[in-house]
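# Architecture and fold: a report
Below, each chain spelled out in residue letters.
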Amino acid sequence: MKALLKQKEFSVLAIVIIICVILSFVSPVFLTVGNWMDILEGNTVIGILAIGMTLIIITSDIDVSVAALTTAVAVSIGFMFQYLPDSWFSVVLIFLIAPLIGMLLGAFNGILVSKIQIPAIVVTLGTLNIFSGLVLYFTNGNYINSTQFPQSFMAFSNIEILGIPILIYLFALVAVSTWFILKYTLIGRSVLAIGGNAQSSTRVGINFKKVKMFVFTYMGFLGGVAAIAQTSYTTAVDPNGLMGLELTVIAAVVLGGANIHGGRGSIPGTLLGVLLLAIMQNGMILARIDTFWQNVVTGAIIVIAVSYDEINHRRNQAKLANIDVKEAS
Amino acid sequence: MSDYILEMEHISKTFPGVKALDNVELKVKQGEVHALIGENGAGKSTLIKVLAGVHEADEGGRYLFEGIDADIHRPLDATLKGISIIYQDLSLFPNLSVAENIYIGRDSNKKPWTKINWKSMKELAGKALDELEMDIDLNKRVELLSIAQQQMIEIARALAFDSKLIVMDEPTSSLSSGEVEKLYRVIDKLKERGISVIFISHKLKELFRVSDRFTVLRDGQFVGSYDVEEIDEQQLIKRMVGREVVYENNTQKAAVGEKVFEVKNFSKEGNFKDINLSLYEGEILAVTGLVGSGRTELAQSIFGVNKADEGTLWLNGKDLKINSSEDAVKQGIAYVPEARQTQGLVLEQSIVNNMTLPVIDALRNKLKLIDRKVEKELTEQYIKSLDVRPSMPDLAADKLSGGNQQKVVIGKWLSAQPKLLIIDEPTNGIDIGAKTEIHKLLRRMVKEGIGVIMISSELPEVLSVSDRILVMSRGRIAGELNTLEADQEKVMNLALDTEEPEDKRQPEGAESTVHQEV
Ligand SMILES: Nc1ncnc2c1ncn2[C@@H]1O[C@H](COP(=O)(O)OP(=O)(O)OP(=O)(O)O)[C@@H](O)[C@H]1O
Ligand SMILES: [Mg+2]
């Protein structure tokens, strides 16, 4: 089992390494510590969202509202900052409130998907529009910039421990705890189980609706965390800044080996997927390739990776069918 | 307290348009093995699903467990009361490990954030597998296991649960006879411990071996319950089917024509050696032998699933080159495997769409569209000849009972109009009434010029259907019998052929190598 799973993650890892080698020849800057800090910090938001999306995709659902949800929370943070005093207390408060708002929005998705049983793609397309509509209504599309932020938050965003920016720690914390949830808690196993076989899961007493509710709420929670990361990274709130990001997020998860049909996916895989997209982006910037070509190349990689995965998946299934025949005795 | 652990009375269940259960009764005593029997679609699985809380019965039933109102409305309720079910269509998680699959459900009532203890999970799973004398890597993903192994995982799960009542819905239909023996030993052990077992199967012989009591259902209705001492096989069949079904040995000599198919010097290391066989027009050739004698392996090599090391094939005047099952299909060879349950059925699609899958290209009209009318006619023909119930071509396959799903799979292979049909255990999982229908169908195919090789371990079936019998033993053909002159004893003598084979490798061992390859 592990051999196969690893194999898949290894192949992503191998591609990452190959690209790294190429890029280190193209640009001497690429392999510097500073550049890697930039890559990681700049992809914290995508990374955190991708981790939440992994759980949703494992249950064979999808959430296209993540970017809009994150923006909505970020805008709420921006508004709150106008009333918050300049003290560490404000930072703590934001860390409590932002994930909470995110959870509420995510739970809204979750209720529609699990209780009313509308397909997740329909639900989240709807909430995507609701969230971004509300954001535009409240902001008129205008930036909220850092002049209105408490100094304590600005100080927070500049923290470095052992030369590593605070956001990278946040990213790591999210990754490790979600990995732990998937591997070592009942709810995590239930997520994998309903992705593997929904009918079986109800037969062994897993509450299908609760698990669906959980993955969407958890996605919202991480959307709230990502909103803090985004606000801290850009030290501003841009109502249009994350538009379309959900596609990159989904791409990263799928590149990392999760299967749209459900049941398969892991946190290490997703991290590799995020890393792969990130270094490609970074490499093309370093190589001064035009933005639109960057998009074309990224898109092409996603299509190739996903088709490769799908073909592989089918081939494996065909093989298994043969084995069944073989062992029918 | 009564001595019944389970009492179900006046149980009815209506699906849209179908009354699957009508006033049914099932009473199981503490510590007994209770067989639940009936034809395909009689309602056995449905009754079990009511028992398990998967389906809610219609109003008016009485359901007691351990003497008190069971109050079971969802599967978890049943689990918590100590009821374990092994479903006919299995309920495993392909993406999870063996250990997780065995353990899962044990803690479904705990808080979601409960920590999983991998160590104790593996210990418990390992213990359950030991009890079944199974040696499977606990970390292996279940999707990589064979159907038979998956079946054993389900059984291990029930054992691991410390259940009071274990229900097994056709657990033996995809097990080899060695594994079936293991299962019986486990059932005996369960009985000693006072655990009650409900056992569903179409193999009446094995039921007489394990059961204390029978409950018979017919068309969703309760026929009766009988102690094993007060009834015999023929009487049971009569109660199941509503008429007598007798196997009559084939007494008609087939009009044998030209040679249609030939296997020359076929060998495969560890599986079979020096196989020569010919099939003539108009005859059904039966290949029989004990499990592990190489019958299935031979068929699969002919079909190209695992290539033979040596030997050639010849069909209708041509030498064949077969490297894969696709090649075989292209040459007009069809192989219906023994484990059909989970294979090749698109469950949410209709019977029509499933049956005509292999011939879909041939069914196109001038506009290159699928001719729905022809398609439907073809399906209706197979529904009739295979006695698929209910006979509604547009019904989704997942609404059919397990046995009827199997009939659809058989129909699917038959509709491919092969030149040569190899059918492995044609009536596995199929009730005794429909069996004779399938036998008739095979006869008809032979008349239409299709070559039929039937692999079967059921001697009555072999003797009543075939014209010629090849008996295999230890990977070789031990002898050939003309059915008219054969009887069970003669066949068994050949099958048990006690001479030492040259190559000492046991076919059992060969089988386990295949398992390990996975
Ligand atoms: N979900 C469903 N919806 C509609 N009809 C159903 C459904 N499940 C079962 N049936 C019907 O109920 C009847 C009883 O089916 P059931 O599966 O209980 O049969 P069974 O006795 O287990 O047969 P088998 O030996 O073939 O497994 C059949 O006519 C079947 O088509
Ligand atoms: Mg059934």
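Residues numbered from 1 in each chain as written. Chains lettered and ligands numbered in written order. Predicted model: local features only at pLDDT ≥ 70, side-chain atom pairs only at ≥ 80, totals over all residues. Heavy atoms only, no water.

### Describing a negative patch on the surface
What counts here: Like-charged residues are merged into a patch within 9 Å and nonpolar side chains (Val, Leu, Ile, Met, Phe, Trp, Tyr) within 5 Å, provided each residue has over 30% relative accessible area and no salt bridge. Per-residue accessibility takes into account occlusion by the displayed protein chains alone, with areas from the Shrake-Rupley method and a 1.4 Å probe. Should a side-chain nitrogen of Lys or Arg be within 4 Å of a carboxyl oxygen of Asp or Glu, the pair is scored as a salt bridge. When charges are counted, Lys and Arg are positive and Asp and Glu negative, with His and the chain ends excluded. Throughout, a charge is located at the NZ atom of Lys, the CZ atom of Arg, the CG atom of Asp or the CD atom of Glu. By the criteria applied, helices consist of DSSP H or I runs no shorter than four residues and strands consist of E runs no shorter than two, each listed in order from the N terminus.
A contiguous patch of negative charge on the surface is contributed by Glu269, Asp274, Asp309 and Glu310 of chain B. On the secondary structure map, Glu269 of chain B appears in the loop between strand E11 (259–268) and strand E12 (272–280).

### Things to note about the nonpolar core
Under the convention used in this document: In this description, a nonpolar core means a group of buried Ala, Val, Leu, Ile, Met, Phe, Trp, Tyr and Cys residues linked to one another through side-chain atoms lying within 4.5 Å. Using a 1.4 Å probe on the protein chains alone, a residue whose accessible area is under 20% of its type maximum counts as buried, one over 50% counts as exposed, and one in between counts as partly exposed.
Ile48, Met53, Phe214 and Leu245 of chain A are the most contacted members of the largest nonpolar core, which totals 72 residues. With 11 residues, the top contributor of residues to this core is helix H3 (residues 44–58) of chain A.

### Some remarks on the sheet that holds E12 of chain B
Residues and elements named next belong to chain B. The condition that has to hold: Only when DSSP finds a minimum of two bridges between them are two strands counted as paired. Only the contacting stretch of a helix is used when fitting its axis, a line to C-alpha atoms as for every element, and angles between N-to-C directions run 0 to 180 degrees. Any two residues whose heavy atoms approach within 4.5 Å at even a single point are treated as in contact.
If you trace the 4 strands from one edge of the open sheet to the other, you get E12-E11-E14-E15, paired in antiparallel fashion. Two strands bound the open sheet, and with one partner strand each, they are E12 and strand E15 (318–320). Pairs of neighbouring strands in the sheet enclose a mean axial angle of 20 degrees, with direction left out of account. This element, helix H9 (residues 295–302), spans E11, E12 and strand E14 (310–315) of the sheet and lies at about 110 degrees to E11.

### Some details on helix H12 (residues 372–386) of chain B
Given 3.6 residues per helical turn, the α-helix brings residues three or four places apart onto the same face. Residues and elements named next belong to chain B. To keep it simple, the criterion reads: The span you would expect from a helix comes to 1.5 Å times its residue count less one.
Given a rise of 1.5 Å per residue, 15 residues ought to cover 21 Å, and the 21 Å separating the end C-alpha atoms of H12 matches this to within 8%. Of all the positions in H12, only Glu375, Leu378, Thr379, Tyr382, Ile383, Ser385 and Leu386 are classed as buried. Contacts from the buried residues of H12 go to helix H11 (351–355), helix H13 (402–415) and helix H14 (432–447).

### Considerations on the domain arrangement of chain B
Residues and elements named next belong to chain B. To keep things clear, this is the line we draw: Where each domain starts and ends follows an automatic or database-derived domain assignment. Defined here as a combined quantity, buried area equals the accessible surface (1.4 Å probe) lost by two parts on assembly, summed across both. Polar contact is the term for a pair of N or O atoms within 3.5 Å; when the atoms are in protein, one must be able to donate a hydrogen and the other to accept it, and sequence-neighboring residues count only if both atoms are side-chain atoms. Only Asp, Glu, Lys and Arg are considered charged, only Ala, Val, Leu, Ile, Met, Phe, Trp, Tyr, Cys and Pro nonpolar, and every remaining residue, Gly among them, polar.
Annotation of chain B at the domain level lists domain 1 (4–241), domain 2 (246–332 + 419–518) and domain 3 (345–417). Between domain 2 and domain 3, the contact holds 15 residues from the first and 10 residues from the second. Both faces combined, the contact of domain 2 with domain 3 buries some 970 Å², and carbon together with sulfur accounts for 70% of it. When the area that domain 2 buries against domain 3 is broken down by residue, the three leading residues are Ile430, Glu437 and Leu441, summing to 33%. There are 0 salt bridges connecting domain 2 and domain 3. Linking domain 2 with domain 3 are 0 residue pairs in polar contact (both at pLDDT 80 or more). Among the elements of the structure, strand E17 (420–424) and H14 are those that each provide at least two residues to the side of domain 2 that touches domain 3. Residue contributions to the side of domain 2 that touches domain 3 peak at 6 residues, all from H14. Tallied by class, the residues present in the side of domain 2 that touches domain 3 amount to 10 nonpolar, 2 polar and 3 charged.

### What to know about the site of ligand 1
Residues and elements named next belong to chain B. We count it as follows: Near residues are defined by distance, with any heavy atom within 4 Å of the molecule or strand qualifying the residue.
Not every one of the 20 residues close to ligand 1 is listed here, only the nearest: Gly41, Ser45, Thr46, Ser401 and Gly403. Within the side chain of Asn40, a nitrogen or oxygen atom sits 3.0 Å from an oxygen atom of ligand 1. Contacts to ligand 1 include Ala42, whose backbone N or O atom sits 3.2 Å from an oxygen atom. Counting residues per element, the ones that place at least two in the shell around ligand 1 are helix H1 (44–52) and H13. Considering only residue class, the shell around ligand 1 consists of 5 nonpolar, 11 polar and 4 charged.

### Regarding the coordination of the magnesium ion (ligand 2)
Ideal geometry at a metal gives 109.5 degrees between four tetrahedral donors and either 90 or 180 degrees between six octahedral ones. Residues and elements named next belong to chain B. Basically, it comes down to this: Think of the donor list as every N, O and S atom within 2.8 Å of the metal, or within 3.2 Å for Na, K and Ca; water never makes the list, so a site can look incomplete.
Around the magnesium ion (ligand 2), the protein contributes the donor atoms Ser45 (OG) and Gln88 (OE1), which lie 2.0 to 2.1 Å from the metal centre. With Ser45 in helix H1 and Gln88 in the loop between strand E6 (83–86) and helix H3 (98–103), the pair connects residues that are 43 residues apart, well separated along the chain. For the residue pair Ser45 and Gln88, the accessibility class agrees, reading buried in each case.

### A closer look at a nonpolar patch on the surface
Residue and element names in this part refer to chain A. On the surface, Phe79, Phe108, Ile130, Leu134, Tyr137 and Phe138 cluster together into a nonpolar patch covering about 630 Å² of accessible area. The biggest single contributor to the nonpolar patch is helix H6 (residues 120–139), with 4 residues. Here Phe108 lies in helix H5 (residues 88–114). Overall, Phe108 belongs to the partly exposed group, its relative accessible area being 39%.

### Digging into the sheet that holds strand E13 (residues 284–289) of chain B
Residues and elements named next belong to chain B. Spatially, 6 strands are ordered E16-E17-E18-E13-E19-E20 in an open sheet, and the strand pairing comes out mixed. What marks the edges here is a single partner per strand, and that holds for strand E16 (333–336) and strand E20 (476–482). Sheet twist, expressed as the average angle between the axes of neighbouring strands with direction ignored, equals 20 degrees. In the sheet, E13 pairs with strand E18 (residues 451–455) via 4 bridges, with the strands oriented parallel. Bridge assignment links Ile284 to a residue of E18, and that residue is Val452. Of the strands in this sheet, E13, strand E19 (468–473) and E20 are in contact with helix H16 (residues 488–495), which crosses E19 at around 30 degrees.

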